[in-house]
Protein chains: 2
Amino acid sequence: MATIYDVAKRANVSAMTVSRVINNGSSIKESTRLRVEKAIKELDYIPNRSAQSLISKDTKLLSLLITDVANPFFTSIARGAEDKAHEKGYQLVFSNSDENIEKETSYIRSAVSRGIDGMLLTPSGDFSIQNINILTKYKIPFVLVDRSLKGIESDIVHGDNSDGTKKLMDHLFENGHRTIGFVTGPSSISNVRERGDAYKQFIKDNKLPFNEKWTFQTDLARMQTLSYINLLLEASKEDRPTAILCSNNFLAADLVNNMNKMGLHVPDDISVVCFDDPHAIQMPNSFFTVVNQPAYKFGYTGMEMLIDRIEGKSGKEHKEIVYDTELIIRQSTKKIN
Amino acid sequence: MATIYDVAKRANVSAMTVSRVINNGSSIKESTRLRVEKAIKELDYIPNRSAQSLISKDTKLLSLLITDVANPFFTSIARGAEDKAHEKGYQLVFSNSDENIEKETSYIRSAVSRGIDGMLLTPSGDFSIQNINILTKYKIPFVLVDRSLKGIESDIVHGDNSDGTKKLMDHLFENGHRTIGFVTGPSSISNVRERGDAYKQFIKDNKLPFNEKWTFQTDLARMQTLSYINLLLEASKEDRPTAILCSNNFLAADLVNNMNKMGLHVPDDISVVCFDDPHAIQMPNSFFTVVNQPAYKFGYTGMEMLIDRIEGKSGKEHKEIVYDTELIIRQSTKKIN
DNA sequence: CTGTTAGCGCCTTCAG
DNA sequence: CTGAAGGCGCTAACAG
């Protein structure tokens, strides 16, 4: 709890000199610098950032707002973001919005209140625009990750949703699947829309049978895949999809967990594919055939863009970085006749 | 960027009155409160926490220092911790120490500098005591998670390492395994030691064959399991272990990934078990037989203890919470003759 | 190379 | 119920 004055007194200098030593500012006589450093060490003095921030208007605090760290996709983003932030001397406040707009609002408000220098976020949906407006009003730089916002111009990092979807559909198609179901999230989320559009496009382009019935939309936070499975179970084998495309990993895990409970086997009865690996680390015997996005890079590069913008190193135009996806074929899909 | 004075001016009151409204302090005439609230809204005024902290000495900022969020065990801890923090109106700064003492020191120093109200941490090892001393000196409450520190009295949450190890060993024993290898981390980590002790104890109690050779110790951040696998490969089938106990999930994943590359099959050639699930979420077709610890609860309860202590709701004595572990039998182990 | 003065935005204390 | 003065810990701006 020593203050700069305690150090000053002990080193027989003014507080200003101590301040200069701390921030290795302008020239200081070697002998006094040594004396000050000694006093700092002896008193275990650590500068008070709140006081510094009050003057400098910056905090070296960044906010990372994602929907759920427990989702390995976001876990990797968080890790990447923290790595870059640490490299650049920033700390990260992290929060989980759980796809909930009110939670998002409250987090953003308290982040602003904290005087964060910038924010890296995955908006919960298009309504998030009202939250983004708070950032804009307070002139707080932000970078979007994984999801864009209709009508909002900003720096953004995301994956190629259309191409990724196509890769998944191609894989299924090549393996003989024609009736392909789709389990997805709310259409207020940009990537959900993009994946959905690409799914429909593929069906159209390849003249596949289409039945609205096999498209199931649910909340990303409270998934209700059971009702979909019941639908599957009620249908005859000829009518029902032989494969299902899931918008994300959590949906896929939930779906397959439930299918197992209900006696539907993957991939023997139905193949399942999804976006994003459900594991944060490489696992032996992984199950899902997925299209993987470089989540770590999303976080790392997103954070880099953010810091560049904060430090005035980016131009006026906004940057968009789109990463390629990678198809990884594993055990959740199988070739049919 | 409106300040309390801007609001005051607009509402025709003094700054003090605005302050009272913000902190719903002592009685204020309804009409003036309304006027102030209107002004606040009109100006989009958000109080400056740095300024508040300078006076109040608290920040409602907590620090979560773990070794690596990407490890699902810590991911769950982080989620639990954030949930409780949010419930109680605190925000979380999170950092990854990567089992690195210097990184840990620097994170702790900057957390102190930020004026965090408390810290929830997994120390990287017994040397972390020097870092803990910084917290103690600055009277910052902290709670240890998963790892204790020799000679440090503090609140702590962890799993029952001895019993967990015993469950794993029992399972292997019941499945006919007698020569059981051990892949582990540095002994400066309390839970590594405890698991190692329990492993040796089990061998002793059951008069199993023991060969120092089959115990392999490596760095938890940069695992070197390949050399161990070479050892396995060089040995005759009669000599080498039929099962391996790994101190943690990452070690096990790395080991098995490498074994696969080198042509050793799990569980056909060798069974493998470990502490902690390698998945943050329930997965269909999970591979590892593990003893699972309630990581989410570690974070949630640990955070609760921390906040209780910060808010003066815990007694003088330190609390230790020990959670039971749960054996989950899956595909990485198999019965032998 | 070093010190003095003033003030960042807010709240505590004390008046009224 | 409301306001004025002062200061939290630090640094910018200006001396010297």
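Anything mentioned here points back to the structure above.
To start, this report covers the structure provided alongside it. Every chain is numbered on its own, with residues counted from 1 as its sequence reads. Starting at A for chains and at 1 for ligands, labels are handed out in the order in which the entities are written. Reporting of local features is limited, given that this is a predicted model, to residues whose pLDDT is at least 70; pairs of side-chain atoms are given and counted only at 80 or more, and all residues count toward the totals for whole chains, interfaces and linings. Based on all heavy atoms of the structure, the side-chain values leave hydrogens and waters out of the count.

Brief notes about the overall build of chain A
Numbering of helices and strands runs from the N terminus; a helix is a DSSP stretch of H or I covering at least four residues, while a strand is a stretch of E covering at least two. Helices and strands together make up the secondary structure of chain A, namely 12 helices and 12 strands. Over its C-alpha atoms chain A spans a radius of gyration of 25 Å, topping by over 25% the 20 Å that the globule rule assigns to 337 residues. If you line up chain A on its principal axes, its C-alpha atoms span 90 × 40 × 30 Å. Partly exposed residues are those whose accessible area sits between 20% and 50% of the maximum for their type, while under 20% is buried and over 50% is exposed, using a 1.4 Å probe and protein chains only. Counting only residues that meet the buried cut, chain A has 56% of its 337 residues in that class. For chain A, the share of sequence-separated contacts (at least 6 apart) that also reach a separation of at least 24 residues comes to 72%. Values of accessible area rely on a 1.4 Å probe in the Shrake-Rupley scheme; residue burial ignores everything except the protein chains shown. Looking at chain A as shown, the accessible area adds up to about 14400 Å², and 50% of this sits on carbon and sulfur atoms. Counting rule applied: Lys, Arg positive; Asp, Glu negative; His and chain ends not counted. All charge positions are set by atom: Lys at NZ, Arg at CZ, Asp at CG, Glu at CD. For chain A, the centre of its 42 positive side-chain charges and the centre of its 43 negative side-chain charges are spaced 6 Å apart. Only C-alpha atoms enter the radius of gyration; for comparison, a globular chain is expected to reach 2.2 Å times N to the power 0.38, where N is the number of residues. When checking whether two residues touch, look at their non-hydrogen atoms; a contact exists if any pair is within 4.5 Å.

Overview of the packing of aromatic side chains
Residues and elements named next belong to chain A. Stacked, tilted and edge-to-face are the three classes applied to pairs of Phe, Tyr and Trp rings, where Trp contributes its six-membered ring and a pair requires centres within 6.5 Å; stacked means planes under 30 degrees apart, edge-to-face means over 60, and tilted covers the rest. Scanning the entire structure with this criterion turns up 17 aromatic pairs over all chains. Seen from their ring centres, Phe-73 and Phe-298 are 5.8 Å apart, and the 85 degrees between their planes marks the pair as edge-to-face. Linking Phe-73 in helix 5 (residues 72-87) with Phe-298 in helix 12 (residues 295-310), this pair joins segments that are 225 residues apart in sequence. Considered together, Phe-73 and Phe-298 belong to a single accessibility category, that of buried residues. Judged by centre distance (5.9 Å) and plane angle (15 degrees), the ring pair of Tyr-296 and Tyr-300 falls under stacked. Of this pair, Tyr-296 and Tyr-300 both sit in helix 12, 4 residues apart, which is roughly one turn of the helix. Tyr-300 gets classed as partly exposed once you look at its relative accessible area, which sits at 22%.

Looking at the interface of chain A and chain B
Tallying the contact residues gives 57 residues for chain A and 58 residues for chain B. What counts as buried area is the accessible surface, traced by a 1.4 Å probe, that two parts surrender upon association, with contributions from both included. Between chain A and chain B lies a buried interface of about 5300 Å² when both sides are counted; carbon and sulfur atoms form 56% of it. Among the residues of chain A in contact with chain B, Ile-46, Arg-114 and Tyr-138 of chain A are the three that bury the most area, contributing 14% of the side total. Any carboxyl oxygen of Asp or Glu that lies within 4 Å of a side-chain nitrogen of Lys or Arg is treated as forming a salt bridge with it. In this structure, the connection of chain A to chain B is made through 6 salt bridges. Between Lys-137 of chain A and Asp-44 of chain B there is a salt bridge; the shortest N-O distance is 2.9 Å. Think of a polar contact as two N or O atoms within 3.5 Å of one another; within protein, one of them needs to be a possible hydrogen donor and the other a possible acceptor, and neighboring residues in sequence only count if both atoms come from side chains. The tally of links from chain A across to chain B stands at 31 residue pairs in polar contact (both at pLDDT 80 or more). Contributing elements (two or more residues each) for the side of chain A that touches chain B: helix 4 (49-56), helix 5, strand 2 (91-96), helix 6 (101-113), helix 7 (129-137) and helix 11 (249-262) of chain A. It is helix 6 of chain A that provides the largest number of residues to the side of chain A that touches chain B, a total of 7 residues. When residues are sorted by character, Ala, Val, Leu, Ile, Met, Phe, Trp, Tyr, Cys and Pro go into the nonpolar class, Asp, Glu, Lys and Arg into the charged class, and all the rest, Gly among them, into the polar class. Residues belonging to the side of chain A that touches chain B are distributed by class as follows: 27 nonpolar, 19 polar and 11 charged. Examined bridge by bridge, strand 2 of chain A and strand 2 (residues 91-96) of chain B share 2 bridges and lie antiparallel to one another. Looking across to strand 2 of chain B, one finds that Val-93 of chain A is bridged to Val-93 of chain B. Pairing between two strands requires that DSSP report at least two bridges joining them.

Focus on the nonpolar core
Each nonpolar core is a collection of buried residues, namely Ala, Val, Leu, Ile, Met, Phe, Trp, Tyr and Cys, held together in the definition by side-chain atoms within 4.5 Å. Counting 49 residues, the largest nonpolar core has Met-303 of chain A together with Met-303 of chain B as its most contacted members. Excluding anything up to four places from it in sequence, Met-303 of chain B contacts Leu-62, Ala-81, Lys-84, Ala-85, Leu-92 and Leu-120 of chain B. Counting residues in each nonpolar core, the second largest holds 40 residues, with Ile-46 and Leu-149 of chain A together with Val-112 and Met-119 of chain B among its members.

What to know about the side chain of Ser-63 of chain A
In this structure, Ser-63 of chain A sits in strand 1 (residues 61-66). Leave out the neighbours within four places in its chain, and Ser-63 of chain A touches Val-93, Ala-111, Ile-116, Gly-118, Met-119 and Leu-120 of chain A.

Describing the protein's contact with DNA strand D
As a matter of local geometry, DNA strand D sits amid 26 residues, with Ile-4 and Tyr-45 of chain A together with Thr-17, Arg-20 and Ser-27 of chain B nearest to it. Near the protein, within 4 Å, the atoms of DNA strand D are sugar or phosphate in 61% of cases. Here a base nitrogen of DNA strand D and a side-chain polar atom of Tyr-5 of chain A are 3.4 Å apart. For DNA strand D, a phosphate oxygen lies 3.0 Å from a polar atom in the side chain of Gln-52 of chain A. We call a residue near a given molecule or strand whenever any one of its heavy atoms falls within 4 Å of it.

Remarks on the relation of the copies chain A and chain B
Alignment of copies: least-squares fit on C-alpha atoms of residues with pLDDT of at least 70 in both copies. In the superposition of chain A on chain B (RMSD 0.1 Å, axial shift 0.1 Å), the rotation amounts to 180 degrees. Interpreted geometrically, this transformation is the action of a two-fold axis. In this assembly the copies share their binding face: 100% of the residues contributing to the interface of chain A also contribute to that of chain B.

Some thoughts on the sheet that holds strand 12 (residues 326-328) of chain A
All names here are of chain A. On the basis of which strands lie adjacent, the open sheet formed by 6 strands has the order 7-6-8-9-10-12 and mixed pairing. Looking along the sheet, the strands with just one partner apiece sit at the ends: strand 7 (215-217) and strand 12. With direction set aside, neighbouring strand axes in the sheet form an average angle of 15 degrees. Two elements, strand 8 (residues 243-246) and strand 9 (residues 271-275), share 4 bridges in a ladder whose sense is parallel. Bridge pairing links Cys-246 to Cys-274 in strand 9. Axis angles are defined between N-to-C directions and span 0 to 180 degrees, where every axis is a line fitted to C-alpha atoms and, for a helix, only to the segment in contact. Across the sheet, helix 8 (residues 161-174) is in contact with strand 6 (180-184), strand 8, strand 9, strand 10 (289-292) and strand 12; its angle to strand 9 comes to roughly 165 degrees. Packed onto the sheet, helix 10 (residues 225-234) meets strand 6, strand 7 and strand 8 and runs at close to 165 degrees relative to strand 6.

Brief notes about the sheet that holds strand 2 of chain B
Here we have 12 strands laid out as an open sheet, ordered 11(A)-5(A)-4(A)-3(A)-1(A)-2(A)-2(B)-1(B)-3(B)-4(B)-5(B)-11(B), and mixed in their pairing. The sheet terminates laterally at strand 11 (320-323) of chain A together with strand 11 (320-323) of chain B, the two strands that pair on one side only. On average, adjacent strands in this sheet sit at an angle of 20 degrees to one another, irrespective of strand direction. The sheet contact formed by strand 1 (residues 61-66) of chain B and strand 3 (residues 118-121) of chain B spans 4 bridges and is parallel. Paired with Leu-64 of chain B across the bridge in strand 3 of chain B is Leu-120 of chain B. Here helix 7 (residues 129-137) of chain B sits on the sheet in contact with strand 3 and strand 4 (142-145) of chain B, set at roughly 155 degrees to strand 4 of chain B.

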